[in-house]
Every structure is written in structure tokens, then in C-alpha cells.
Amino acid sequence: MWVPMEVMGEIGNASVSSSRPSVVNVGALFTFNSVIGRAVKPAVKMAIDDVNSDSTVLSGMNLNLVAHDTNCSGFLGTIEALELMEKDVVAVIGPQSSGIAHVISHVVNELHVPLLSFGATDPTLASLQFPFFLRTTQSDHFQMSAIANLVEHYGWREVIAIFVDDDYGRNGISALGDALAKNRAKISYKAAFTPGASRSDINALLVGVNLMESRVYVVHVNPDSGLTIFKVAKYLGMMNSGYVWITTDWLPSVLDLSELADPDTMDLVQGVIAFRHHTPDSDLKKNFTSRWKSLKSKETPSFNSYALYAYDSVWLLARALDVFFTEGGNVSFSADPRLHDFNGSTLHLTALRIFDEGEKLRSILQGMNFTGLTGQIHFDADKNLIHPAFDILNIGGTGSRKIGYWSNYSGLSVDAPETLYLKPRNTSASNQHLYSVIWPGETTNPPRGWVFPNNGKPLRIAVPYRVSYKEFVTKDKGPLGVKGYCIDVFEAAVNLLPYAVPHTYMLKGDGLRNPFYNDLVNGVYENTYDAAVGDITITTNRTKIVDFTQPFMESGLVVVAPVKETKTSPWAFLRPFTWEMWCVTGGFFLFVGAVVWILEHRENHEFRGPPIQQLRTIFWFSFSTMFFSHRENTVSTLGRLVLILWLFVVLIINSSYTASLTSILTVQQLTSQIEGIESLISSSDPIGYQDGSFAYNYMIGELNIAPSRLKSLKSLEEYTSNLQLGPKRGGVAAIVDELPYIELFMYTTNCQFRTVGQEFTKSGWGFAFQRDSPLAVDLSTAILQLSENGDLQRIHDKWLSLEGCSAKSSQPDATRLSLTSFWGLFLICGIASFFALSIFFCRVCGQYRRYNPEDEEQKVEDPELSRRSKRSLRTTSFKDLMDFVDKKEIEIKGKLKRKSNDGKRPPSQSSDGQPSSPS
């Protein structure tokens, strides 16, 4: 048992002390001779001395430290803990080991003694099972989240975890797996070794790890044995370029104990990234550092973060006890009725007594809030310290370089966490930054993080054994065992990779029918195959279970149907226009002729004459404009405006008619009863599909086509025969298949069949790999390179160079012109005509109001007759208006001019020389 230099008294055997005793026993439990223990021991002593000398805390009281050594043993640690409890301690500082903490937590739960651990980082210790366990350092839950963010930052998808197989290692790595899963990454292999494993055991472990695909290693071990791993890794050549080594806080805990780094030790860990608990550079920390250098009893030149947490743990307890006694708390212990010594037992279990007010002290501890050496000491609802943060170090040269920080508030950052707490929270990917890293092998480029496994196992690649469309992929007697367009694309892409990819092709299918491609993809998902290469369509359901490369060929579902040539008809000249177009065009010819006649009738003698002659003129003028052969001249401005616009419309109509008729008479016209997927769905005819294709599930699930209508076709011969037979003779009305197959099918059948309608899905072909496979990403880049340098097109031409065959059948109505294409021209012409007519009729009405018959000039002597005459003149008939409109313009203007002149003459004199007055 180790006690501080100042022992301020003893409690004695009394079960109840005064309300504010002079001395309070405090326990400490850790391994003295360990990396953490050698730094914690003087830190705890310094904290006890500081508390006892501070009159503002526990005034008139002193803490008596009772420390026990756990000797890095779970069994001995448990015995020491039980012995410690016999000393009636009110709380225990420690332990440093998560394994011992699990055992002791059951003891303190029974005896109601708070356990303040500065080193047990196992995340599971924070569970509700251990209410008296209070972690005064950061949980590995946060440290593993920091590592997962680092892995995501560099784009790695798989890591290998190397860890000690105890509570500390297992539960920490479990938390790492959960954190990686949130970022779509994973632990590809868990390399565990027993505590105290020999160097030969670690050598065998790393040899196996080195044969695997991932090159990102996360090392989570105890500080006392961790460097052995790097000694072995250095010996095996695993500290060269291409490797990534990430360690938890154990490595800085070792390196921080020395002011001058050991060159041999530093040579082992060059390029390693390590995490260290972040503690702010405060005045308190600087003062502690200065005092540490002057300590005489210290065993290490410097200290690590665990020493700071242990120091703060003592102060946390002291401040909590101060509140405890201020609130009237008493230090009293009582016997546990469930503990008693059995006959012949020498364990003295009755010496273990319950701290009566331990529950109250625990509650006060969890509510404390003050600033210590490690920052703010305050616990959240899960009993974790708030503001968890870590320094990210890059080991290099003779020391380490800080490349950034991690906190659960802002993620990865080059700014200290305490400065970011004052800003709005931002954990977006664009806000994650780190300084550059010097990786193993003294490279600055981030490693790819994986290589093709060097374990002698080639990549297992599934290939469909096709019996139709063998140009794409099928069995071969050559060295590869397979051949086809897809195989050549894959081999060309693999040859562009900067590393070798040993692989072997495994045929899927019996050679009698095409395999089901969903089974091929499921085989990759179930790890039966590592990849699948072939004409595999990328669909939504498939992307949920595997990763695809960049598509190397575009694809989509189309409808192919039998077509027949349309024979020329004697009435073919009517086909360029739809019947609506013919009706509207004819109507506009008559309408424009009538408008021009109205506008020209009063001024142009060619538009005058007997009614029958004028009617003939309207019809002749209307339809002669079709050929620009009208002989009548237009003299009115409005008539010329309407005629110019109409002739422009006629020009467009004539040109369009000529082009459409030429196409109809010279281009082969093909017709089909099926016009596209819509008409195929609405019918009840059987539909063919390629055996094994995803089109079957698509038509049932997406298009709601009854399965009874679908017919599986296994070969090109079945394609041809079923289309020729048709639905009435046991065949199919059409076939739904992917465009690359249909193009090859139409070429082999000399374009006897054609596609109808539009391509109604858009997709592509890709190579399938297991989820998160880095090979899929690299091959996607290689496929893009093949496309850019033209090799992809050359491979296509080698296997699929097809003569031109019209992709779509020419429908009989495809070249017909409808009113939709011309309604704008008709609208413009109609508006112009109505505009001209409106101006014309406004002018006519104005002239008519000024115009009076000759009888109006005669004088009427009788006033009564004069008034009746005026009323008669004001009452006009429609016949008078029509007669007025029919008069020549020059005649109307002449009469209006004479009337205007008569109105300007002076009034005539009477016989007696007096001016005559009106009657």
C-alpha cells in the first residue's frame, strides 16, 4: 500500500464519523509499473497535496490516499480492490484497465462507492449496469468515431483492426465497426491477439494480415505492448509506401513520457497517424508542466494525458466532497446483510461495508462543473465528459506533427476545438480539413488503402454461359475459357490498372439456356463470386446489393415487331395533309378570297360586275393564289397587306406539301399493328422476352403485364419463328428486349423486323462487384480511359460492327402534316384579315354618316312636311347601306366633295332683298 507523504490522521474503526471529519479516505487503484501508472502516480500525489493545501476546498479537512497496485492482472486487481474496500474509502480513483473496471464495478455497485476511472475507456462501461462507474476521461466511442471520420476523409472503404483480445480491445473495435458502418465503410478483418502475446504470435498474425486486400491498419492495444507490433511490422516490410497505420491514444501515451524521443522507437513508427486526447493549452496546464519538471519523485521526464485526467479526478472528488459535506452529508458505513463469512472461510467478507450516503455523493459527482487541466469537467446524460476532442498526430522524424483535430462538434479541423465551440456547428464534408501527411515510405500522396490480395487466390469472376447472342459473351476453348465483347472490354480495363489482378472466369449456366442474371448478381452478393462480368444490366434492385462499374455500353428496353411494306395508293397525293389540315386550308382559301374581294370591290373594277361574275372572281382569285397565278391586281393598301401575308402562308404550305409527298412516294413505308409499348400493354396479345433477362420482372412489376402473356424465347431462331407466326398462330405480337440485342437480331435477319415506338427505359451494362469493393472504382476509371482513347469503340467494332438497319419502322402517318404545325401561320393571317376588314368597315360607316340622297337638297316649304322628310332621311334601311357599299369609291368621294362645297356657299337673297329665312 502506497500513501502520500502527508498523512493527516486515521479514521479508526468507528462506523460513523462526525459530520465533517478531519480526514477522509480516498482509494487509488492502478498498475504502478506501467506506461500509464508511472505518469499517474506522481500526478495523483500532486493533486492530493494541492487539495490538502488549498483552504478554499474541504476547509479543515484532508484527503488520505490509500493506493493499491493491480499489477496488470485481472485477478490480482480484483483482490486489491476488495482489500481497498476494507479501508472504508468514500471513492476510488481508477482503475486504468477496462477489464478490471468491469469486475470492480460490480463491487462498488454493491458497496455504493463511486469509481472515478481516468483510464478505462471501454464504451460499454457507461451502461446503466454500472451506475457507480464514472469515467473521467474520454470514451473510446468518440475516439473510434474520430478514426471513422479520418477513414472517410481519405476515401478508404475497408480497414483491418489489430487489437488485444480483452474487454478494452474487443469493445473498442466493436465501436469502430459501428462508426465505420455509418460512413459505408467496414472492418474487413479483425486481427486479435491474446494479452501478453509473444513476438512470434504477433509475427504470425501480421504475416496473415499482409496477405489481405486492405492496407489500412487500425491498432488498438495496450501501451505497454504496442511497440512490439511495429517492430514486427518493420521487420516484415509493412512500414513502406502503400501502407496506412492508425493508432489510438496508446502510442502518444508512450511517446509523451520522454522529453527527447528515442531514435530507435521513432524509427519504428515513421508515417503513423496517432490520436491523442486533446487538452487545451491553458495557464493551469502550463503551471502543471512547470511543477512536473521540478518533481523529485517522478519516474518519467514528462507526462501523458492520463496523468492530467488523474489529476482532475482527484479535484473532481474533492470539490464533490466539499459540496457533500456542505449539504450535510455524513461519512458512515454499515454492514451488508448479504455478505457473511462461511464456515472455515478466511476471506473476511464482513469487512466490506456499504457507504451509506454513496448514492448522494455519486449524484453530486455527476453534477459537478468546473475547469481543470483537461478543460471543462462536466458530464452529460450518458455520464460522458462533454466536448470530447482528440489531437491528430503524424509521427515523423524525431517527433510528431499535429495535422489537425477532431471533435464531435465540428469533426476534422485544423482549428483548435475550443475556438470552434463559439461558432455554429458545421460537420459537412466540405468543412473537414487536415494538414498534409507524410505517410510510411516518406510519401505525401495518400495511399490507395488497398492492394490486390497476395494470398494466392485469384479473383473469382462469374461469366454467363450464353446460348444466344454469343457475340457478347460465351464459352471458349482458349486459355481464358470465355470470349466476347464484354470479356475484351474487361481485359482491356484490367490491363490499364497500375497493379496486377489475377482472376479466373467461372461459367454460370448449363449451355442449354441463358442463365438468370439475377442469380449471377446474387452470387456476387453471397460471396460465391468476387465479381460478375458480362452483359449485366444495371438495375435499381441490383445496385442495392452489389456495386457496378461505370457502364461500358448503353442499353434500354425496346419493342421489336414484324412490319410490312405499305403499297402505293391512287390517292397518295392526299396523304401529305391530315383531313383537318385539308379542311382548314380550303376554308382559308375561300376566306382570304372573300376578304380581298370586300377590300377591293369599291376601288378595283376587276372585282365589280354582275353578282355571278363577282362570285366567280372570288373563287378564281382564292384558289389561283395557290399557284401564284391570279391575274387580278390589288389596288387597296389593306387588300395588298392581306394578300402578302396569305401568299407567304401559301408558300410555306406548298413547300411542306411537296416535301411530304416526295417522302411518301420515294421512301419505303413500313407498317405494324404495334405502335409502341403503350399499344402493346393495352392489347391482350402474347409478348416475347429473352430467356434469363430482367425484362420479365420489369414487365410484370413496372408495366403490370400479366405473366400469362409473357413467353420466354431462348434463341434467335425462336425470335424469328414466333414473330413470323404472330399471336393468332401461337407466336407473339412483339418482343421486348434490350437495344444491343435487338440491333444484332435485326442485322442477322436482314432487317425483316423493326423496332416500333421509343426506347422506354434507359440503363447500361456494367461489371458487378461486392459492395464497397475498391476494384469497382478503379475499373470505372479504366473504362472511362478506354472510352476516351477510342479503344472501347474499336472493341465494339470488332464484335458488333453492324450494317445500317433503320432502328424504327416508318409509320404511315409519320410523314403526314397536321394542323398543329401550321396553326400559327393561319392565326397570323386570320388576325391580319380581321384587322383589315375592321378598318375598311369603320371607314365605310364614317362615309355613310356623311352621305345623303339628292332629295335632301330640295327645299320643303311646309314645316310639317320638312320635319317628316328629315325623319324619313334619318331612317335608313339595310338595302340603302348595301347600295352605298356597292357604289364605286370615286363616286362616293365625288358626292361628298360636292356636298362639302355647297355647305361653304353664302345663303341666297329673297326677292325683296332680304335674306331668306328657313321655314
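What counts, and where the lines are drawn
- Residues numbered from 1 in each chain as written.
- Predicted model: local features only at pLDDT ≥ 70, side-chain atom pairs only at ≥ 80, totals over all residues.
- Heavy atoms only, no water.
- Helix = DSSP H or I, 4+ residues; strand = E, 2+ residues; numbered from the N terminus.
- Buried < 20%, exposed > 50% of the residue type's maximum accessible area, 1.4 Å probe, protein only.
- Contact = heavy atoms within 4.5 Å.
- Pairing = 2+ DSSP bridges.
- Core = buried A, V, L, I, M, F, W, Y, C linked by side-chain atoms within 4.5 Å.
- Axes fitted to C-alpha atoms, helices over the stretch in contact; angles between N-to-C directions.
- UniProt positions renumbered as here; feature names shortened; annotations may be inferred.
- Patch = residues over 30% accessible without salt bridge, like charges linked within 9 Å, V, L, I, M, F, W, Y side chains within 5 Å.
- Areas by Shrake-Rupley, 256 points an atom, 1.4 Å probe, with all protein chains shown as cover.
- Salt bridge = Lys/Arg side-chain N within 4 Å of Asp/Glu carboxyl O.
- Phe/Tyr/Trp six-rings, centres within 6.5 Å; stacked < 30°, edge-to-face > 60°.
- Lys NZ or Arg CZ within 6 Å of the ring centre and 35° of its normal.
- Lys, Arg positive; Asp, Glu negative; His and termini not counted.
- Arc of directions from axis to C-beta.
- pLDDT = per-residue confidence, 0-100.
- Parallel < 35°, antiparallel > 145°, perpendicular 65-115°, else oblique.

A.B. asks: Would you mind showing me how to read the overall build of the protein chain here?
C.D. replies: Tallying secondary structure elements over the protein chain gives 29 helices and 33 strands in all. Residues counted as buried form 49% of the 919 residues belonging to the protein chain. For the protein chain, long-range pairs separated by at least 24 residues make up 74% of all intrachain contacts whose partners lie at least 6 apart in sequence.

A.B. asks: Could you clarify how one ought to interpret the pairing of strand β25 (residues 557-562) in this entry?
C.D. replies: Regular strands show a simple pattern: their side chains alternate between the two faces of the sheet. Of all six residues making up β25, five are buried, and the element is well covered by its neighbours. One ladder, built from four bridges, connects β25 with strand β30 (residues 734-738); its direction is antiparallel. Across the sheet, V558 pairs through a bridge with D737, a residue of β30. Where β25 lies against strand β31 (residues 753-756), four bridges are found, and the strand directions are antiparallel. Counterpart to A561 in the pairing with β31 is R754.

A.B. asks: Help me understand the nonpolar core in this model?
C.D. replies: As a rule of thumb, nonpolar side chains are buried together in soluble globular proteins. V90, I162, W245 and L321 are the most contacted members of the largest nonpolar core, which has 113 residues in total. Beyond its immediate stretch of four places on either side in the chain, W245 contacts I162, Y217, V219, I229, F230, A233, M238, M239, V272, I273 and P440. Within the second largest apolar cluster, 63 residues are counted, among which are Y499, A531, M553 and I783.

A.B. asks: Looking at this structure, I do not really get the sheet that holds β31. What am I missing?
C.D. replies: Either a parallel or an antiparallel arrangement is found when strands of a sheet pair, and the pairing is made through backbone hydrogen bonds. Strand order in this open sheet of five strands is β29-β28-β30-β25-β31, and the pairing throughout is mixed. The open sheet terminates on both sides in strands that have one partner only, identified here as β29 (710-713) and β31. The mean inter-strand angle of the sheet, taken between neighbouring strand axes irrespective of direction, is 35 degrees. With four bridges joining them, strand β28 (residues 687-690) and β29 adopt parallel strand pairing. When the sheet's bridge partners are listed, Y689 is paired in β29 with S712. Of the strands in this sheet, β25, β28, β29, β30 and β31 are in contact with helix α22 (residues 716-725), which crosses β29 at around 140 degrees. Docked against the sheet, helix α23 (residues 739-748) engages β25, β28, β30 and β31, running at close to 125 degrees with respect to β30.

A.B. asks: Whenever I open this one, the UniProt feature "transmembrane region" (unreviewed entry) in the protein chain confuses me. Can you help?
C.D. replies: Those residues carrying the UniProt feature "transmembrane region" (unreviewed entry) are residues 579-599, 638-657 and 822-842 in this numbering. The span residues 638-657 is 100% helix and 0% strand, and its two end C-alpha atoms sit 29 Å from each other. Here residues 822-842 runs as 95% helix and 0% strand, with 31 Å between its end C-alpha atoms.

A.B. asks: Explanation requested: a nonpolar patch on the surface in the structure shown.
C.D. replies: A cluster of nonpolar side chains, contributed by L590, I612, L615 and F619, occupies part of the molecular surface with about 350 Å² of accessible area. Mapping L590 onto the fold places it in helix α17 (residues 579-600).

A.B. asks: Which parts of the structure should I look at to understand the packing of aromatic side chains?
C.D. replies: The relative placement of two aromatic rings is captured by the distance of their centres and the angle of their planes. With the rule as written, the count across this model stands at 34 aromatic pairs. Through a chain of ring-to-ring contacts, the aromatic side chains of Y469, F472, Y719, Y741, F745, F753 and W765 assemble into a single cluster. When the ring centre of F370 is taken as reference, the NZ or CZ atom of R319 above it lies at 4.8 Å.

A.B. asks: Would you mind showing me how to read the sheet that holds strand β2 (residues 62-69) here?
C.D. replies: Judged by pairing direction, the sheet is parallel, and its five strands sit side by side in the order β2-β1-β3-β4-β5 without closing on themselves. Strand pairing shows two members of the sheet lacking a second neighbour, β2 and β5 (133-135), which therefore form its edges. In the sheet, strand β1 (residues 23-30) pairs with strand β3 (residues 92-93) via two bridges, with the strands oriented parallel. What sits directly across from G27, in β3, is V92. Where helix α3 (residues 98-111) meets the sheet, it contacts β1, β4 (115-117) and β5, and its direction lies at approximately 160 degrees from that of β4.

A.B. asks: When you look at the pairing of strand β13 (residues 369-372) in this model, what are you seeing that I'm missing?
C.D. replies: Covered by surrounding structure in β13 are F370 and G372 only, the residues N369 and T371 on the alternate face being uncovered. Across four bridges, the pairing between β13 and strand β14 (residues 375-378) is antiparallel. Along β14, the bridge assignment pairs G372 with G375. Joining the antiparallel neighbours β13 and β14 is a turn of two residues.

A.B. asks: Is there a simple way to explain the side chain of D336 in this structure?
C.D. replies: Within the secondary structure layout, D336 lies in the loop between β11 (333-335) and β12 (353-355). One buried charged residue, D336, remains without a salt bridge, the closest side chain of opposite sign being R338 at 4.1 Å. With residues near it in sequence (within four places) discarded, D336 still touches E110, L352 and I354.

A.B. asks: Can you help me understand helix α15 (residues 517-525) in this one?
C.D. replies: Taken as a whole, α15 has its buried residues at Y517, L520, V521, G523 and V524. For α15, the angular spread of the buried residues around the axis is 150 degrees, confining them to a single face. Note on α15: the residue one or two positions beyond its end, N527, has a positive phi of about 70 degrees.

A.B. asks: Got a minute to help me understand helix α7 (residues 226-235) in this structure?
C.D. replies: At 3.6 residues per turn, the α-helix brings residues three or four places apart onto the same side. Listing the buried residues of α7 in full gives G226, L227, I229, F230, V232 and A233. Just beyond α7, the residue with positive phi is G237, at close to 75 degrees.

A.B. asks: Is there a simple way to think about the confidence of the model for the protein chain in this case?
C.D. replies: Detailed reading of the predicted coordinates is not advisable wherever pLDDT falls low. For the protein chain, per-residue confidence averages 84 on the pLDDT scale, and residues scoring 70 or more make up 82% of the total. Confidence drops under pLDDT 50 across residues 869-876; counting only partners more than four residues distant or on other chains, this segment forms three contacts.

A.B. asks: Explain unusual backbone geometry here, please?
C.D. replies: Peptide bonds are, in most cases, trans, and in most cases residues other than glycine have a negative phi. A cis amide bond links G94 to the next residue, P95, at an omega of -5 degrees. Turning to its location among the elements, P95 is positioned in the loop between β3 and α3. One non-glycine residue, C72, adopts positive backbone phi at about 55 degrees. By the secondary structure assignment, C72 is in the loop between β2 and α2 (74-85). Given the relative accessible area of 55%, C72 is considered exposed. Although it is not a glycine, D772 adopts a positive phi angle of roughly 65 degrees. By the element assignment, D772 lies in the loop between β33 (768-770) and α24 (774-789).

A.B. asks: Can you help me understand the environment of L641 in this one?
C.D. replies: Positionally, L641 belongs in helix α19 (residues 637-666). Each C-alpha atom of the pair L641 and A832 lies 7.8 Å from the other, and the pair is 191 residues apart in sequence.

A.B. asks: When you look at the environment of L507 in this model, what are you seeing that I'm missing?
C.D. replies: Along the chain, L507 falls in strand β21 (residues 503-508). Each C-alpha atom, one on L507 and one on G481, is 8.5 Å from the other, the two residues being 26 residues apart in sequence. With residues up to four places along the chain from it excluded, the contact list for L507 reads V463, P464, Y465, K475, G481 and V482.

A.B. asks: I'm lost on the packing of α24 against helix α25 (residues 791-800) in this one. Help?
C.D. replies: Relative orientation and spacing of two packed helices are given, respectively, by the angle between their axes and the distance between those axes. For the pair α24 and α25, the least separation of the axes is 4 Å and the interaxial angle reads 80 degrees. With respect to α25, the axis of α24 lies roughly perpendicular. Along its contact with α24, which presents L786, S787 and N789, the element α25 presents D791, L792 and R794.

A.B. asks: Got a minute to help me understand the environment of F577 in this structure?
C.D. replies: Turning to its location among the elements, F577 is positioned in the loop between β26 (564-565) and α17. When the C-alpha atoms of F577 and S656 are compared, they prove to be 9.4 Å apart, with 79 residues separating the residues in sequence.

A.B. asks: Would you mind showing me how to read the pattern of salt bridges here?
C.D. replies: Think of it this way: side chains of opposite charge can pair up when their charged atoms draw near. Across all of its chains, the model carries 24 salt bridges by this definition. R170 is paired through a salt bridge with D165; the nearest N and O atoms lie 3.0 Å apart. Here R170 falls in the partly exposed class, since its relative accessible area comes to 38%. Here D165 falls in the partly exposed class, since its relative accessible area comes to 34%.

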